[in-house]
Amino acid sequence: GIGTGVDLFFVISGFLITSLVLTDLQNRSFSFATFYARRIRRLLPALVATVLLALLAAVLIMAPEDLDDAAQSGGLATLSLSNFYFAKVADYFDASAQSKPFLHMWSLSLEEQFYLFWPATLYFLHRWKEGRFTPALILIGIGIGAALSQYWVTKNPHHAYFLLPFRGFQFLMGAACIWLPVLRNKMLDLLVWVCGLAIVLFAGTAFSDQTPFPGVAAMVPSLGAMLMIWGGHQALLRGVNANGVIVWFGRISYSTYLVHWPIIVFW
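An account of the accompanying structure is given in this report. Note that this is a predicted model, so its numbers are computed, not measured.

1. Describing a nonpolar patch on the surface
Consideration 1: On the surface, a cluster of nonpolar side chains totalling about 500 Å² of accessible area is made up of Trp128, Phe133, Leu137, Ile140 and Ile144.
Consideration 2: Looking at the secondary structure, you find Leu137 in helix H6 (residues 134-155).
Consideration 3: Its relative accessible area of 37% is what places Leu137 among the partly exposed residues.

What follows is the structure, encoded as structure tokens:
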């Protein structure tokens, strides 16, 4: 089946960053400089270290033509531009992907491109009528983005897979979770969460590399992620998520994501 991890990542990222920005806006404490400085401090040092160490390993391990590809994609990854490179050269599911140690970093590049303009968008929407129309505009953006993605899958599936205009609706689906009503019922919360998990598992097993993706198909795991976020307020689930082991995995998740694919490629 096709992996759904990236789709969940986009939705969770959209929810988390939008909620942080909106909270700061409501508290009148939002600063663009602080927002971007915080992201640079959190993301860039580990990313640059991973790229440099992986390139050092690539010099010792890889064939010259593969090394050239790795150097280009690694350099672009540090500039959050690697998704443009892979949109031209990579089929995510073909055999050549096994020789691209930085292929997985396209999703990080795409995320950073989204956050180049999203905080400013939220800022101006918040200033306009005190954000009254923000939820409706986000829903419109989801519809337009999904339709554009579905159309482009038939025209250029590589571009549709790797580029922001055809993936941005998934971040918006995460942002939309902020305005979902509180269920105030533990059993209903749990049911919603379980339904979301079932949808995610269905997408992960029923979809294959033959499934046109992203397009409308990407809305399936994204909807599952939305339901899991919505139902995640349930006390039992909060206890599970607060478990020390789960928290530890959460803390190392970014670093683990950075290094896992280079290790697999070099192996």
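2. Focus: the pattern of salt bridges
Consideration 1: Following the criterion strictly, the structure yields 4 salt bridges and no others.
Consideration 2: For Arg167, the salt bridge is made with Asp7, and the minimal N-O distance between the two is 2.9 Å. A residue pair is termed long-range when its members are at least 10 positions apart, and Arg167 in the loop between helix H7 (157-162) and helix H8 (168-176) and Asp7 in helix H1 (residues 5-26) qualify at 160 residues. Both residues of the pair, Arg167 and Asp7, count as buried.
Consideration 3: Through salt bridges with shared partners, one network takes in Arg39, Glu111 and Glu112.

3. Let's talk about the packing of helix H2 (residues 32-61) against helix H12 (residues 244-266)
Consideration 1: Following both chains from N to C, one finds H2 and H12 inclined at 10 degrees, their axes separated by 10 Å at the closest point. Comparing the axis directions of H2 and H12 gives the class roughly parallel. Contacts between H2 and H12 pair Arg42, Leu43, Ala46, Leu47, Thr50, Ala54, Ala57, Ala58 and Ile61 from the former with Tyr254, Leu258, Val259, Pro262 and Phe266 from the latter.
Consideration 2: Along the lines of polarity and charge, the residues of the contact of H2 with H12 split into 12 nonpolar, 1 polar and 1 charged.

4. Describing the environment of Gly145
Consideration 1: Of note, Gly145 is situated in helix H6.
Consideration 2: Spatially, the C-alpha atoms of Gly145 and Phe166 are 6.2 Å apart, while their sequence positions differ by 21 residues.
Consideration 3: Setting aside residues no more than four positions away along its own chain, Gly145 makes contact with Pro165 and Phe169.

What counts and how
Residues numbered from 1 in each chain as written. Predicted model: local features only at pLDDT ≥ 70, side-chain atom pairs only at ≥ 80, totals over all residues. Heavy atoms only, no water. Patch = residues over 30% accessible without salt bridge, like charges linked within 9 Å, V, L, I, M, F, W, Y side chains within 5 Å. Areas by Shrake-Rupley, 256 points an atom, 1.4 Å probe, with all protein chains shown as cover. Salt bridge = Lys/Arg side-chain N within 4 Å of Asp/Glu carboxyl O. Helix = DSSP H or I, 4+ residues; strand = E, 2+ residues; numbered from the N terminus. Buried < 20%, exposed > 50% of the residue type's maximum accessible area, 1.4 Å probe, protein only. Axes fitted to C-alpha atoms, helices over the stretch in contact; angles between N-to-C directions. Parallel < 35°, antiparallel > 145°, perpendicular 65-115°, else oblique. Contact = heavy atoms within 4.5 Å. Nonpolar A, V, L, I, M, F, W, Y, C, P; charged D, E, K, R; others polar.

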